[in-house]
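# Remarks on the overall topology
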Amino acid sequence: MVIDHPIFLESIRFIRSHVGENDLNYLENKVLERLIHTSGDFSVQNLLEFSEGACKKGLQALKNGAPILTDTDMAAAAIKSMAENTNRNKVFSARSWFQENKEAKLTKTAYGLTEGWKELSVQNSGIKSPIVVIGSSPTALTYLIDILDNAKDFPSLIIGMPVGFIGVEKSKNKLISTDLPRIVLNSTRGGAAMAAAAVNALLRESI
């Protein structure tokens, strides 16, 4: 069970009063509120993009017990507490597969994330298909999309929020060009905390 601190609740009320009316649905607004709270920046509203029904698909997957796969330990740590206190979804980091890397052309994170996806998607196919959370590595996001081109199973949701300057916007644009269920923070902005905040917003609604 999640017990919110009074300061957090006051912060959310403040955010809601300043966001005003928009075209987002209930779940999308929940994600937006968490991202603004995490970043302290209302301008993220103009950068946030959802594919149709993405939040609903992600929420249903969480309720069905879908695992969550992240690109970094930092993102995983930021999600595990909320997962434990809500729906108890298992959380995995790409690091768990680093030692198996035999692909010199790939970064450790790109290799670990995609190998993690392959393993978890086989174990949790269908309604429990993993949610993939990327807050740091554009190469991991790009390579994941590449291997999904010929895949039979797809993530229940991809949260694409890698941060930085080299390849970041390109990787996000590549995700946006697909039909995959996604939440994307456009521009060079993102990060583990932001990506975790997005999935935590859905976890809060899963109970």
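So, here is what we can say about the structure in this document. This structure is a prediction, so every number in the text was calculated from the model and none was measured.

Rules of the game
- Residues numbered from 1 in each chain as written.
- Predicted model: local features only at pLDDT ≥ 70, side-chain atom pairs only at ≥ 80, totals over all residues.
- Heavy atoms only, no water.
- Pairing = 2+ DSSP bridges.
- Helix = DSSP H or I, 4+ residues; strand = E, 2+ residues; numbered from the N terminus.
- Axes fitted to C-alpha atoms, helices over the stretch in contact; angles between N-to-C directions.
- Contact = heavy atoms within 4.5 Å.
- Parallel < 35°, antiparallel > 145°, perpendicular 65-115°, else oblique.
- Left-handed = near helix turned anticlockwise from the far one by under 90°.
- Nonpolar A, V, L, I, M, F, W, Y, C, P; charged D, E, K, R; others polar.
- 1 Å grid on protein atoms, 1.4 Å probe; cavity = no way out; pocket = protein on both sides within 12 Å on 5 of 7 lines; lining within 4 Å.
- Points joined across faces, edges and corners; volume = space filled by probe spheres on them.
- Core = buried A, V, L, I, M, F, W, Y, C linked by side-chain atoms within 4.5 Å.
- Buried < 20%, exposed > 50% of the residue type's maximum accessible area, 1.4 Å probe, protein only.

### Side note on the sheet that holds strand E3 (residues 91-93)
Sheets are built from strands paired through backbone hydrogen bonds, the pairs being either parallel or antiparallel. The sheet built from six strands is open, its strands ordered E1-E6-E5-E4-E2-E3 with mixed pairing. Edge positions in the open sheet fall to strand E1 (48-50) and E3, since each of these has one partner strand only. Within the sheet, the average angular offset between the axes of one strand and its neighbour, ignoring direction, is 15 degrees. Pairing of strand E5 (residues 157-160) with strand E6 (residues 182-185), which is carried by three bridges, proceeds in the parallel orientation. Bridge pairing links Gly160 to Val184 in E6. The sheet strands contacting helix H8 (residues 192-204) are strand E2 (68-70), strand E4 (131-134), E5 and E6, and the helix crosses E4 at an angle near 150 degrees.

### Quick notes on the packing of helix H2 (residues 26-39) against H8
The N-to-C vectors of H2 and H8 enclose an angle of 140 degrees; their axes lie 8 Å apart at closest approach. Considering their axes alone, H2 and H8 lie oblique with respect to each other. Crossing angle aside, the handedness with which H2 passes H8 is right-handed. Residue-level contacts link Leu27, Lys30, Val31, Arg34, Leu35, Thr38 and Ser39 of H2 to Ala193, Met194, Ala197, Ala198, Asn200, Ala201, Leu202 and Arg204 of H8. When grouped by side-chain class, the residues that make up the contact of H2 with H8 number nine nonpolar, three polar and three charged.

### Structural notes on the layout of surface pockets
In this structure, the largest pocket encloses a volume near 180 Å³. In this structure, the largest pocket is lined by Asp4, Phe8, Leu9, Ile12, Arg13, Arg16, Lys30, Glu33, Arg34, Ala201, Arg204 and Glu205. Those elements that place two or more of their residues in the lining of the largest pocket are helix H1 (6-19), H2 and H8. With five residues, the top contributor of residues to the lining of the largest pocket is H1. One number sums up the size of the second largest pocket: a volume of about 160 Å³. Taken together, Trp117, Lys118, Ser121, Val122, Ile147, Leu148, Ala151, Lys152 and Asp153 make up the full set of residues lining the second largest pocket. Those elements giving two or more residues to the lining of the second largest pocket turn out to be helix H5 (108-123) and helix H6 (138-148). Looking at the lining of the second largest pocket element by element, the count peaks at four residues for H5.

### With respect to the nonpolar core
Val31, Leu35, Leu48, Ile159, Met161 and Ile183 are the most contacted members of the largest nonpolar core, which totals 41 residues. Here this core takes nine residues from H8, the largest share from any one element. Counting residues in each nonpolar core, the second largest holds 19 residues, with Ala94, Phe98, Ala110 and Ile145 among its members.

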